[in-house]
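A structural walkthrough
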Amino acid sequence: KSAIRDTLVSILLPLISNAPPFQRKAFRNASQRAIAYPPSAFVGGATASAAGPGMRAPDAPLADGGSVFGLIRGFGFTLIGLANRVETSAFDGELIAQDRGTPALFAHYGVKPGAATTLVIRPDGYVAWRGEGLDAAGARHFLAPIMGAA
């Protein structure tokens, strides 16, 4: 039995492993991009096909040459507001990056023209919460039980 198995594996494995769908799946698993967390006390908010709650936050370029991963530092949560429009209302959060959006940034985060979203990124680089619009109050409400605030 093992001789037949070994022969089949030696013939089929190279054929299967060279197939693009197999390579994409293997890359996503090996690079840990296929990991996602289900909704829980630590994952919530609006669902999205790109950078939704429980998904790894994608890196994307900023207009000044930096990147999203450059904003996510340390052991704390990172609050990011993305507005794919001219924003006249103030974002009630710590302003880290202003006018640094790029088409690639909005595409990676699924922010359509005229729309905005707020994200809470966990220290491990996963999206903890996503809100529609620039919603710092919603982010604070989500973080309150995690951070020990009432």
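Just so you know, these numbers come straight off a predicted model, no measurement behind them.

**Observations regarding the sheet that holds strand β2 (residues 78-83)**
Taken in spatial order, the 4 strands line up as β1-β4-β3-β2 in an open sheet, and their pairing is mixed. The open sheet has two edge strands, β1 (44-45) and β2, and neither has a second partner. Strand direction decides the pairing type here: strand β3 (residues 116-121) and strand β4 (residues 127-132), joined by 5 bridges, are antiparallel. Each residue of the ladder has a partner; that of T117, found in β4, is E132.

**Side note on the pattern of salt bridges**
Counted under the stated rule, the structure contains 2 salt bridges. A salt bridge links R5 to D6, with the shortest nitrogen-to-oxygen separation between them at 3.2 Å. One salt bridge in this structure joins R122 and D124, with 2.5 Å as the shortest N-O distance. Residue classification places R122 among the buried positions, given a relative accessible area of 13%.

**Some thoughts on the environment of A107**
Within the fold, A107 resides in helix α4 (residues 103-108). Among the residues examined, A107 registers a relative accessible area of 55% and is labelled exposed. Taking C-alpha positions, A107 is 8.2 Å from A50, a pair spaced 57 residues apart along the chain.

**Side note on the packing of aromatic side chains**
Here a ring pair, both rings aromatic, is described through the centre-centre distance and the interplanar angle of the planes. Under the definition given, this model contains 1 aromatic pair. A centroid spacing of 6.4 Å and a plane angle of 25 degrees characterise the contact between W129 and F142, whose relative ring orientation is stacked. Of the two residues, W129 sits in strand β4 while F142 sits in helix α5 (residues 136-147), which places them 13 residues apart along the sequence. When its relative accessible area of 8% is taken as the criterion, W129 is described as buried.

**What about the environment of L62?**
Along the chain, L62 falls in the loop between β1 and α3 (68-71). The exposure class assigned to L62 is buried, which follows from its relative accessible area of 7%. Distance in space between the C-alpha atoms of L62 and L105 is 6.9 Å, their sequence separation being 43 residues.

**As for a nonpolar patch on the surface**
Together, I4, L8, I11, L12, L15, I16 and F22 line one region of the surface with nonpolar side chains, adding up to about 680 Å² of accessible area. Residue position: I16 is located in helix α1 (residues 2-17).

**Focus: unusual backbone geometry**
Negative phi values dominate among residues other than glycine, just as trans dominates among peptide bonds. Of note in the backbone geometry, A51 takes a positive phi value of approximately 55 degrees without being a glycine. Relative to the helices and strands, A51 resides in the loop between β1 and α3.

**Overview of the nonpolar core**
In this structure, V68, L82, L105, Y109, L119, I121 and V127 are the most contacted members of the largest nonpolar core, which totals 16 residues. Leave out the neighbours within four places in its chain, and L82 touches L105, F106, Y109, V111, A115, A116, T117, L119 and L134. Counting 6 residues, the second-largest nonpolar core is a separate cluster that includes V120, A128, F142 and L143.

Cut-offs used in this document
Residues numbered from 1 in each chain as written. Predicted model: local features only at pLDDT ≥ 70, side-chain atom pairs only at ≥ 80, totals over all residues. Heavy atoms only, no water. Pairing = 2+ DSSP bridges. Helix = DSSP H or I, 4+ residues; strand = E, 2+ residues; numbered from the N terminus. Salt bridge = Lys/Arg side-chain N within 4 Å of Asp/Glu carboxyl O. Buried < 20%, exposed > 50% of the residue type's maximum accessible area, 1.4 Å probe, protein only. Phe/Tyr/Trp six-rings, centres within 6.5 Å; stacked < 30°, edge-to-face > 60°. Patch = residues over 30% accessible without salt bridge, like charges linked within 9 Å, V, L, I, M, F, W, Y side chains within 5 Å. Areas by Shrake-Rupley, 256 points an atom, 1.4 Å probe, with all protein chains shown as cover. Core = buried A, V, L, I, M, F, W, Y, C linked by side-chain atoms within 4.5 Å. Contact = heavy atoms within 4.5 Å.

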